[in-house]
Amino acid sequence: QKEVEQNSGPLSVPEGAIASLNCTYSDRGSQSFFWYRQYSGKSPELIMFIYSNGDKEDGRFTAQLNKASQYVSLLIRDSQPSDSATYLCAVIPPGANNLFFGTGTRLTVIP
Amino acid sequence: NAGVTQTPKFQVLKTGQSMTLQCAQDMNHNSMYWYRQDPGMGLRLIYYSASEGTTDKGEVPNGYNVSRLNKREFSLRLESAAPSQTSVYFCASRRPPDTQYFGPGTRLTVL
């Protein structure tokens, strides 16, 4: 079983809509969770991190963590064409000091 | 403040050739990482260095060696390149407690 699972997509949403990206992880003891954005041909760029159950908001982005169900989600409000990218979920399992990544979800925002 | 830099940006090798990928960070971080990214596989850890003078294997270390030259620099060496090492290589450094920042990447093709 992979540490981190994501739906590869592609996910298409119209401009102005809410994009919802989901991620599940296998190790119940994981404490640190990250969302990265990666444009085609570029390196991953950190968008948000979350450690506690519940929601964390930063501008148009909201990360949601549910440790009981072992999932993390990223909501993008008022989606823009510039949000079109691959979104990578990453987790640090207990005892590890490196990130374990999902394979990413490709998002396309249609003007 | 350049963050994490990598050289070269692109490289084409023939099977059996050797090369060193260079990485440097100017953020005074202790921990540095080398990942490879392949289609459908996500980012996978090759080696990491928790501090100057220490290195440890990650998920996919075979065929690679690393050197933590000083606090700033962490290099990745392919002694005898194979087509299976065709990939995009990313270096990252970690800001405590656990946020990682990535360099621009090296796109390597082994013929």
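Preceding this paragraph is the structure being described.
Residues numbered from 1 in each chain as written. Chains lettered and ligands numbered in written order. Predicted model: local features only at pLDDT ≥ 70, side-chain atom pairs only at ≥ 80, totals over all residues. Heavy atoms only, no water.

Asker: Help me understand the overall build of chain B, please; the structure alone is not making it clear to me.
Answerer: Along its length, chain B carries zero helices and 11 strands. Scanning chain B from its N terminus toward the C terminus, one meets helices and strands in the order β-β-β-β-β-β-β-β-β-β-β. Here chain B holds 111 residues, and 49% of them are scored as buried. Considering only contacts within chain B whose residues lie at least 6 apart along the sequence, 53% involve residues at least 24 apart. Counting only carbon and sulfur atoms, one obtains 50% of the accessible surface of chain B, whose full area is about 5,100 Å². Computed over 12 positive and 8 negative side-chain charges, the inter-centroid distance for chain B is 5 Å. (Helix = DSSP H or I, 4+ residues; strand = E, 2+ residues; numbered from the N terminus. Buried < 20%, exposed > 50% of the residue type's maximum accessible area, 1.4 Å probe, protein only. Contact = heavy atoms within 4.5 Å. Areas by Shrake-Rupley, 256 points an atom, 1.4 Å probe, with all protein chains shown as cover. Lys, Arg positive; Asp, Glu negative; His and termini not counted. Charge placed at Lys NZ, Arg CZ, Asp CG, Glu CD.)

Asker: Where do I start with the state of the cysteines in this structure?
Answerer: Any covalent bond linking the sulfur atoms of two cysteines counts as a disulfide. A full pass over the atoms with the stated rule returns two disulfides over all chains. Disulfide pairing is shown between A:C23 and A:C89; the S-S distance is 2.0 Å. Of note, the bridge from A:C23 to A:C89 carries an S-S torsion of about -70° and is left-handed in sense. Of the two residues, A:C23 is situated in strand β3 (residues 19-25) and A:C89 in strand β9 (residues 85-92); the sequence distance between them amounts to 66 residues. Since its relative accessible area comes to 1%, A:C23 is described here as buried. Between the sulfur atoms of B:C23 and its disulfide mate B:C91 the distance is 1.9 Å. (Disulfide = S-S within 2.5 Å.)

Asker: How do you make sense of the nonpolar core when you look at a structure like this?
Answerer: What tends to happen in soluble globular proteins is that the nonpolar side chains get buried as a cluster. A:F33, A:W35, A:V72, A:L74, A:I76, A:Y87 and A:L107 are the most contacted members of the largest nonpolar core, which has 23 residues in total. Those elements giving two or more residues to this core turn out to be β3, β4 (32-38), β5 (45-50), β7 (61-66), β8 (71-76), β9 and β11 (105-110) of chain A. Excluding residues within four positions of it along the chain, A:Y87 makes contact with A:Q6, A:L21, A:W35, A:Y36, A:R37, A:I47, A:L74, A:I76, A:G104, A:T105 and A:L107. B:L21, B:W34, B:I46 and B:Y64 belong to the second largest nonpolar core, which has 20 residues in total. (Core = buried A, V, L, I, M, F, W, Y, C linked by side-chain atoms within 4.5 Å.)

Asker: Any chance you could explain the pattern of salt bridges here in plain terms?
Answerer: Side chains carrying opposite charge are able to pair once their charged atoms draw close together. All names here are of chain B. By the definition in use, this model includes six salt bridges over all chains. Close ionic contact of D38 with R36 constitutes a salt bridge, the shortest N to O distance being 2.9 Å. In terms of burial, D38 and R36 fall into one category: buried. For the salt bridge of R77 with E79, the shortest nitrogen-to-oxygen distance reads 3.1 Å. The class for R77 is partly exposed, based on a relative accessible area of 29%. Among the charged side chains, a salt-bridge network with shared partners connects R36, D38 and R44. (Salt bridge = Lys/Arg side-chain N within 4 Å of Asp/Glu carboxyl O.)

Asker: Is there a simple way to explain the sheet that holds β3(A) in this structure?
Answerer: Two strands in a sheet stick together by hydrogen bonds in their backbones, pointing the same way (parallel) or opposite ways (antiparallel). Residue and element names in this part refer to chain A. Here five strands make up an open sheet; going across it, the order is β1-β3-β8-β7-β6 and the pairing antiparallel. This sheet does not close on itself; its edge strands, each paired only once, are β1 (4-6) and β6 (54-58). Taking each pair of neighbouring strands and ignoring which way they run, the sheet shows an average axis angle of 20°. Summarising the sheet, β7 and β8 pair through six bridges and their orientation is antiparallel. Considered in β8, the bridge of Q64 is made with S73. (Pairing = 2+ DSSP bridges. Axes fitted to C-alpha atoms, helices over the stretch in contact; angles between N-to-C directions.)

Shape is all these values report; function is a separate question.
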